[in-house]
There are 2 protein chains.
Amino acid sequence: MAIENLKDLFVHTLQDIYYAEGKIVKSLPKMAKAADSAELRKAFEKHLTETKEQVKRLDAVFKSIGEKAKATKCPAIEGILEEAEELMGEIKDKDTKDAAMIAAAQAVEHYEITRYGTLVSWSEMLGFEDATALLEETLEEEKATDVALTELAEDKLNKEAA
Amino acid sequence: MAIENLKDLFVHTLQDIYYAEGKIVKSLPKMAKAADSAELRKAFEKHLTETKEQVKRLDAVFKSIGEKAKATKCPAIEGILEEAEELMGEIKDKDTKDAAMIAAAQAVEHYEITRYGTLVSWSEMLGFEDATALLEETLEEEKATDVALTELAEDKLNKEAA
């Protein structure tokens, strides 16, 4: 698809995050399985449920602007998840592995926060009210997940790993 | 390098962000050259100067913990920059290209914010006082750059692109 204006760029970026969310849905069960800490496993499972809802919300965003839901390969999320999976495979010590996974999950969250932040801003400027509300809902969820992961990391996992 | 404990993970992540900063130093001049808006070009040039200082600060962090400064390939930043460069090459309309580049720069900032946030937290737990102070300084700079980019995007570029 040629990108000629902000609307095209908005749709392209929606397709990018749609691809990313699909990858995250596949990655989270592996991360939950690899987690040693029960709290971390639960955090990943909770985020999996949320992510599936976020995919549905993206379907609704596409529909609200009269576009077909479609994914475009997103090299950024590929790179972030590749790094996470490499570390998961390499680290033997359980607490260190949990610390690495939580950091990887935060990198994923920050990627989503930046993309949804941009999408909300563009959606507002393009006058897509329904899309803006849906995207804002996901943005707030992602921010809350990042805060929860930070608390989990600081309170528990890193202390165990140190 | 085998990662057996939090110290090893900390050093590995330092090497990861050292690689990322090196890539960003190479990428920013291309982004500045491609920017149509004078303000955006200046923002990229300012961040290039900052990034070069951040690399020196990382040299000091490695030194402070008795490790040699070294880069480890970081697939995450490769993916984020690949996506940015693809868009820069594809988009002809100047305002739309500026909007895409600012979003790409924010994705880079968020990657750095999450990594430096993690590094500060681990550095504190490991008792590396000098390293913690240096990493915190960079973290605050990255956050300020993200805020500046958001303001630039919202006040100016996106309105022009819409």
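Residues numbered from 1 in each chain as written. Chains lettered and ligands numbered in written order. Predicted model: local features only at pLDDT ≥ 70, side-chain atom pairs only at ≥ 80, totals over all residues. Heavy atoms only, no water.

Colleague: I would appreciate a short explanation of the overall build of chain A in the present structure.
Modeller: Along chain A, the regular secondary structure elements total five helices and zero strands. For chain A, the N- to C-terminal ordering of α and β elements is α-α-α-α-α. Against the globule reference of 15 Å for 162 residues, chain A gives a C-alpha radius of gyration of 17 Å, in line with a compact fold. Summarising its shape, the C-alpha atoms of chain A cover approximately 50 × 25 × 20 Å along the three principal directions. (Helix = DSSP H or I, 4+ residues; strand = E, 2+ residues; numbered from the N terminus. Rg over C-alpha atoms; globule rule 2.2 N^0.38 Å.)

Colleague: Sorry, what's going on with the interface of chain A and chain B here?
Modeller: When the parts come together, some accessible area is lost, and that loss is often what is quoted as the size of the interface. In this assembly, 41 residues from chain A lie in contact with 41 residues from chain B. Interface of chain A and chain B: buried area, both sides summed, is about 3200 Å²; carbon and sulfur atoms make up 62% of it. The tally of links between chain A and chain B comes to nine residue pairs in polar contact (both at pLDDT 80 or more). Of all elements in the fold, only α1 (6-34), α3 (75-90), α4 (94-125) and α5 (129-161) of chain A reach the threshold of two or more residues within the side of chain A that touches chain B. Ranked by residues supplied to the side of chain A that touches chain B, first place goes to α4(A) with 15 residues. Split by residue class, the side of chain A that touches chain B holds 20 nonpolar, 10 polar and 11 charged. (Contact = heavy atoms within 4.5 Å. Buried area = accessible area lost by both parts, 1.4 Å probe. Polar contact = N/O pair within 3.5 Å; in protein donor to acceptor, adjacent residues only side chain to side chain. Nonpolar A, V, L, I, M, F, W, Y, C, P; charged D, E, K, R; others polar.)

Colleague: Would you mind showing me how to read the relation of the copies chain A and chain B here?
Modeller: A rotation about some axis, followed by a shift along it, carries one copy of the chain onto the other. The two copies are related by a screw motion: chain A maps onto chain B through a turn of 180° and a shift of 0.0 Å along the axis, at an RMSD of 0.0 Å. Here the symmetry operator amounts to a two-fold rotation axis. No C-alpha of chain A lies nearer the rotation axis than that of Gly79(A), which sits 2.5 Å from it. An overlap of 100% is found between the interface residues of chain A and their copies at the interface of chain B, pointing to a shared contact surface. (Least-squares fit on C-alpha atoms with pLDDT ≥ 70 in both.)

Colleague: Which parts of the structure should I look at to understand the packing of α1(A) against helix α2 (residues 38-64) of chain A?
Modeller: Two numbers describe a pair of packed helices, the interaxial angle and the distance between the axes. Residue and element names in this part refer to chain A. Two numbers describe how α1 lies on α2: the axes approach to 9 Å, and their chain directions differ by 160°. In this view, α1 runs roughly antiparallel relative to α2, as classed from their interaxial angle. The handedness of the crossing between α1 and α2 is left-handed. Classifying every residue of the contact of α1 with α2 by side-chain character gives 15 nonpolar, four polar and five charged. (Axes fitted to C-alpha atoms, helices over the stretch in contact; angles between N-to-C directions. Parallel < 35°, antiparallel > 145°, perpendicular 65-115°, else oblique. Left-handed = near helix turned anticlockwise from the far one by under 90°.)

Colleague: Please clarify how the packing of aromatic side chains should be interpreted in this entry.
Modeller: The relation between two aromatic rings is expressed through the spacing of the ring centres and the mutual angle of the planes. One pass over the structure, following the stated rule, counts four aromatic pairs over all chains. Considering the side-chain rings of Phe10(A) and Phe128(A), the 5.6 Å spacing of their centres and the 40° angle between planes classify their relative orientation as tilted. Taken together, the residues Phe10(A) in helix α1 and Phe128(A) in the loop between α4 and α5 connect sequence positions 118 residues apart. Aromatic pair Tyr18(B) and Phe62(B): ring centres 5.4 Å apart, planes at 85°, arrangement edge-to-face. Taken together, the residues span a long stretch of sequence, with Tyr18(B) in helix α1 (residues 6-34) and Phe62(B) in helix α2 (residues 38-64) at a distance of 44 residues. (Phe/Tyr/Trp six-rings, centres within 6.5 Å; stacked < 30°, edge-to-face > 60°.)

Colleague: Sorry, what's going on with the packing of helix α3 (residues 75-90) of chain B against helix α4 (residues 94-125) of chain B here?
Modeller: Residues and elements named next belong to chain B. Following both chains from N to C, one finds α3 and α4 inclined at 175°, their axes separated by 9 Å at the closest point. Compared by their axis directions, α3 and α4 come out roughly antiparallel. Packed against α3, whose contacting residues are Ala 76, Ile 77, Ile 80, Leu 81, Ala 84, Leu 87 and Met 88, the element α4 presents Lys 97, Ala 100, Met 101, Ala 104, Ala 107, Val 108 and Tyr 111 at the interface. Of the residues contributing to the contact of α3 with α4, the split by class is 13 nonpolar, no polar and one charged.

Colleague: So what exactly am I meant to see when it comes to α3(A) here?
Modeller: Owing to its 3.6 residues per turn, the α-helix brings residues three or four apart onto one side. For α3(A), spanning 16 residues, the distance from its first C-alpha to its last is 22 Å, which sits close to the expected 22 Å at 1.5 Å a residue. Among the residues of α3(A), those classed as buried are Pro75(A), Ala76(A), Ile77(A), Gly79(A), Ile80(A), Leu81(A), Glu83(A), Ala84(A), Leu87(A) and Met88(A). If you follow the buried residues of α3(A), they end up packed against α1 and α4 of chain A together with α1, α3 and α4 of chain B. (Expected span 1.5 Å × (residues − 1). Buried < 20%, exposed > 50% of the residue type's maximum accessible area, 1.4 Å probe, protein only.)

Colleague: Any chance you could explain the side chain of Thr13(A) here in plain terms?
Modeller: Residue and element names in this part refer to chain A. Of note, Thr 13 is situated in helix α1. Polar contacts involving the side chain of Thr 13 include one to the main-chain carbonyl oxygen of Leu 9, which spans 2.8 Å. In this structure, Thr 13 is in contact with Arg 115, Leu 119 and Trp 122, ignoring residues within four places of it in sequence.

Colleague: Explanation requested: the state of the cysteines in the structure shown.
Modeller: Enumeration according to the criterion identifies zero disulfides over all chains in this entry. Of the cysteine sulfurs around Cys74(A), a residue in no disulfide, the closest is that of Cys74(B), at 14 Å. For Cys74(A), a relative accessible area of 0% puts it in the buried group. (Disulfide = S-S within 2.5 Å.)

Colleague: Is there a simple way to think about the environment of Asp130(A) in this case?
Modeller: In this structure, Asp130(A) sits in helix α5. Here Asp130(A) falls in the exposed class, since its relative accessible area comes to 55%.

Colleague: I would appreciate a short explanation of the pattern of salt bridges in the present structure.
Modeller: Any two side chains of opposite charge can pair, given that their charged atoms come close. On inspection of all chains with the given rule, the structure shows 18 salt bridges over all chains. Where Lys23(A) meets Glu78(A), a salt bridge forms, and the shortest distance between an N and an O atom there is 3.9 Å. Of the two residues, Lys23(A) is situated in helix α1 and Glu78(A) in helix α3; the sequence distance between them amounts to 55 residues. The exposure class assigned to Glu78(A) is partly exposed, which follows from its relative accessible area of 24%. The shortest N-O distance in the salt bridge between Arg115(A) and Glu83(B) comes to 3.3 Å. A residue pair is termed interchain when its members come from two chains, as with Arg115(A) in helix α4 and Glu83(B) in helix α3. (Salt bridge = Lys/Arg side-chain N within 4 Å of Asp/Glu carboxyl O.)

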